[in-house]
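Coordinates in review
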Amino acid sequence: MKKLLEFINNLDRRWIFLFIGLAVSLPLFFPLGIDFTVSHPVQGFYDTIEKVPNGSKILMSCDYDPGSLPELYPMTVAALEQMFRKDLKVIVTCLWPAGPPVVERALNHMAFEYKKEKGIDFVNLGFKEGREVVMVSMGASIPNTFPTDYNGTPVTQIQIMQGVTNFKDLAMIVNISAGYPGTKEWVQQVQARYNIDLVSGCTAVSAPEFYPYYQTGQLKGLLGGMKGAAEYEKLVGVMGLGTRGMDAQSVSHLTVFFFILIGNLAYFVLRALKGKEVK
Amino acid sequence: MTAEALGVWLGAGFTLCILSFLYKDNPFYKFAEHVFVGISAGYGVALQFHNVFLPNLWRPLIAGNLVMIVPLILGMFLFARFSARVSWLSRWSIGLLIGIYSGIAIIGFGSGDLVAQIHGNLLPLWGSDYLTSFNNWILCLGLIACLVYFFFSREHKGSFGFVARVGIYFLMISFGASFGYTVMSRMSLLIGRFYYLYGDWLHILPQ
Amino acid sequence: MRKEVPLIITFLAGAFFIADYFVPHTGFSHIAETINGWTIIVITFAYVLGVANVTRVNLDYIQRKGKDTPYKIILLICLLFMMTVGIVWGIAEGTIFDWFFINIYVPMQSMMFALLAFYIASAAFRAFRIRSTQAALLAITAVLVMIGRVPIGEAIWKDFSNFAEWIMNVPQLAGKRAILIGAALGAISTGLKVIVGLERTHLGAD
């Protein structure tokens, strides 16, 4: 018994890596199909977009890079699905350098599915360096901040940008964010100044610190991590990576809980046994 | 083999190189790491060139907007750092950037965080249903206790120390929730990668 | 002059942008908009400066013939290749630049971040020891949120998700709000110190 506890206490971390690898892999091959309910912040995200009149213009700022793809790309796709279904005009910006090509793919894929036309129904304005300064600059003039789209076409020649000067000309902002710059800066610099409806999809790491913003109403909706993406996909009616990953998420969380439990059990039982031996 | 298929095999290969670090540091990981750093740095420069330099600086400048010489000069000043003799010029550009960001941050934190969050915590402690009232009491008392804990100008003893200890408990709950969500986030990233390897590369996932 | 002029610039820029929030004058806003546009450009040069520094450091290493010299050469070749291909042939979807980004950059960056999953599990096993009431509270909350926020939590107890949501909306929120308020006060005071010149570390040594 003592040898077993010592083995557990001194377990080589590569065994833990193996268990985690299996915990994530096996549910992908053998799905459990566990159902889940939708939480209020996610419902708020969906409802806020749903309330926007059809045909309105929305700004979608995709502030992430490939490092957060599994959490945020499903949110982006599901959001585009909902917006294109409502015939909303989507203006996309990126404040992270590695964001534009990823978002371009999502836009082109969804545009093909919904037969939307670039420049008329959506546009990818690309990336601008500057973080909060870009947000404040957009508050003055979006065309001056983004004189061309991602592919170099002047915005004066893009139909969707006609009549868009600043945030006052937009119905709401959808922010998909991986960190800094992201939701916090959009709340501080844009929502606080211009009082425009703002919803956020963010990584699970950031989500806990945005609950205060949701409670005050600065955020009208919040998607947190892959679970948030899965709940949102359920509302929109799509089966994306968010939903497909939920079983693996469940099993991996149970595995981490199991390791915390046996780690503590082994530590405290060994300590008690060693204490008895000393006596 | 199509370009797309070749790309997936290349991506999977590099993914496995990075994954090999779990066993131990090795030449495959080092190779992949250096390729990544090179590609990302080169990517950034090309992106900045097409998305910022050309549309925001170069085209307005050659179209006759001579005021754009100012940011061009300020930008070039940053490169003065490479020479010990004129490195002081870079401080002008850095001073401008730091001043602007400080000013914007003061406004952002003041209006977006400080005022709005205090306003958000001014909640009715009775009058609505029991659960809402209970929650509002927890929120108010919790916030006050945490802020008392953050007040280090007075020693945490007596009743002040008791309230500070309650504040620590609320902070521990916060950090525990953050840890739980962090685990969720990290596992999601791994799920995404395994989905790519099993699905997009090997095509062995069930439909 | 070498330190005073940057301090004056910092003060003027900071004070101007604080005033911009309160002054509704169109002329004032127009000047702020212009300076914002300049900032975006200057920051871009700062990014390029960073890349130039990476190049310089690696060239120095290659000259000194360190043991990782072949890797540094590969790094510089990839940097130069990606930069040239992107600048010359463009960055749109379908270009060589885009192909390398999607098939090399994306998988590698994704996997680098995904490695953290293994390390967090290992860290949770080794370091998460419940030695005090505070540690116990942290651990219990972490477990409740971890299980409650995934579908298996709802399968164990149908209100588990609602309970986890209550934790996020009430006690957790109180702590996070206190941190937000504290951080806001800190950021405002640091910003003011920088603007009035009490904080000068950004200007470097003399």
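Everything here concerns the structure above.
Below is a summary of the structure that appears in this document. (Residues numbered from 1 in each chain as written. Chains lettered and ligands numbered in written order. Predicted model: local features only at pLDDT ≥ 70, side-chain atom pairs only at ≥ 80, totals over all residues. Heavy atoms only, no water.)

So, about the overall build of chain B. Of the regular secondary structure elements, chain B holds 6 helices and 0 strands. Secondary structure of chain B in N-to-C order comes out as α-α-α-α-α-α. By the compact-globule yardstick of 17 Å for 207 residues, chain B is too spread out, its C-alpha radius of gyration being 27 Å. Projected onto the principal axes, the alpha-carbon positions of chain B cover approximately 65 × 60 × 35 Å. Considering only residue pairs separated by 6 or more positions, chain B has 20% of its internal contacts joining residues 24 or more positions apart. Accessible area for chain B stands at about 9,800 Å²; split by element, carbon and sulfur atoms hold 71% of it. (Helix = DSSP H or I, 4+ residues; strand = E, 2+ residues; numbered from the N terminus. Rg over C-alpha atoms; globule rule 2.2 N^0.38 Å. Contact = heavy atoms within 4.5 Å. Areas by Shrake-Rupley, 256 points an atom, 1.4 Å probe, with all protein chains shown as cover.)

Now for the nonpolar core. Counting 114 residues, the largest nonpolar core has A:M60, A:M83, A:V174 and A:Y232 as its most contacted members. With 16 residues, the top contributor of residues to this core is helix 4 (residues 96-127) of chain C. Here this core gathers at least three residues from each of two domains, domain 1 (2-30 + 248-278) and domain 2 (40-242) of chain A. Setting aside residues up to four positions removed in sequence, A:Y232 forms contacts with A:V42, A:F45, A:Y46, A:I49, A:M75, A:A78, A:A79, A:Q82 and A:L223. Core analysis: the next-biggest nonpolar cluster, separate from the first, contains 85 residues, A:I142, A:F210, B:I107 and C:W38 among them. (Core = buried A, V, L, I, M, F, W, Y, C linked by side-chain atoms within 4.5 Å. Buried < 20%, exposed > 50% of the residue type's maximum accessible area, 1.4 Å probe, protein only. Domains from an automatic or database assignment.)

Applying the stated criterion across every chain yields a total of 41 aromatic pairs over all chains. On the numbers, 6.5 Å between centres and 65° between planes, the contact of A:Y46 with A:Y232 is edge-to-face. With a gap of 186 residues between them, A:Y46 in helix 3 (residues 40-51) and A:Y232 in helix 10 (residues 225-236) connect regions that are remote in the sequence. Neither residue differs from the other here; A:Y46 and A:Y232 are each classed as buried. Centre to centre, the rings of B:Y149 and B:F152 are 5.6 Å apart; their planes meet at 75°, and the pair counts as edge-to-face. Counting every residue linked through ring pairs, the aromatic cluster contains B:F36, B:Y43, C:F97, C:F101 and C:Y105. One residue, A:R14, lies across the ring of B:Y23, its end atom 4.7 Å from the ring centre. (Phe/Tyr/Trp six-rings, centres within 6.5 Å; stacked < 30°, edge-to-face > 60°. Lys NZ or Arg CZ within 6 Å of the ring centre and 35° of its normal.)

Here the focus is the pattern of salt bridges. Residues and elements named next belong to chain A. With the rule as written, the count across this model stands at 17 salt bridges over all chains. Across the pair R85 and E81 runs a salt bridge whose closest N-O atoms are separated by 3.7 Å. Linking R85 with E81, this pair stays in helix 4 (residues 69-85), spanning 4 residues, or about one helical turn. Note that K227 and E231 form a salt bridge whose closest N and O atoms lie 2.9 Å from each other. Highlighted residues: K227 and E231, both in helix 10, separated by 4 residues, approximately one helical turn. Assessed through its relative accessible area of 0%, K227 is described here as buried. Put simply, D87, K89, K116 and D121 are held in one network by salt bridges that share partners. (Salt bridge = Lys/Arg side-chain N within 4 Å of Asp/Glu carboxyl O.)

Below, the discussion takes up the interface of chain B and chain A. At the junction of the two partners, chain B supplies 46 residues and chain A supplies 60 residues. Interface area, chain B with chain A, both sides summed: about 4,200 Å², of which 66% is carbon and sulfur. One salt bridge connects B:D113 with A:K184, and the closest N-O pair in it is separated by 3.1 Å. Inspection of the region where chain B meets chain A yields 21 residue pairs in polar contact (both at pLDDT 80 or more). Elements represented by at least two residues in the side of chain B that touches chain A include exactly helix 2 (27-62), helix 4 (90-120) and helix 6 (158-201) of chain B. The residue inventory of the side of chain B that touches chain A, partitioned by class, reads 30 nonpolar, 13 polar and 3 charged. (Buried area = accessible area lost by both parts, 1.4 Å probe. Polar contact = N/O pair within 3.5 Å; in protein donor to acceptor, adjacent residues only side chain to side chain. Nonpolar A, V, L, I, M, F, W, Y, C, P; charged D, E, K, R; others polar.)

Between two packed helices, what matters for the description is the angle formed by their axes and the separation of those axes. Residue and element names in this part refer to chain A. Relative orientation of the contacting elements helix 6 (residues 132-140) and helix 8 (residues 183-194) amounts to 20°, with a least axis distance of 9 Å. In terms of orientation, helix 6 lies roughly parallel with respect to helix 8. Between helix 6 and helix 8 lies a crossing whose hand is right-handed. Along the contact surface, helix 6 presents E132, M135, V136, M138, G139 and A140, while helix 8 presents E185, W186, Q189, V190, R193 and Y194. Tallied by class, the residues present in the contact of helix 6 with helix 8 amount to 7 nonpolar, 2 polar and 3 charged. (Axes fitted to C-alpha atoms, helices over the stretch in contact; angles between N-to-C directions. Parallel < 35°, antiparallel > 145°, perpendicular 65-115°, else oblique. Left-handed = near helix turned anticlockwise from the far one by under 90°.)

Quick look at the sheet that holds strand 3 (residues 122-127) of chain A now. Residues and elements named next belong to chain A. Spatially, 6 strands are ordered 3-2-1-4-5-6 in an open sheet, and the strand pairing comes out parallel. Every interior strand has two partners, whereas the edge strands, strand 3 and strand 6 (221-224), have only one. Strand-to-strand, the axes of this sheet are offset by a mean angle of 15°, without reference to chain direction. Relative to strand 2 (residues 89-94), strand 1 (residues 57-63) runs parallel, the two being bridged by 5 bridges. By the bridge assignment, S61 is partnered in strand 2 with T93. Set on the sheet, helix 3 makes contact with strand 4 (172-177), strand 5 (198-202) and strand 6; between it and strand 6 the angle comes to about 125°. (Pairing = 2+ DSSP bridges.)

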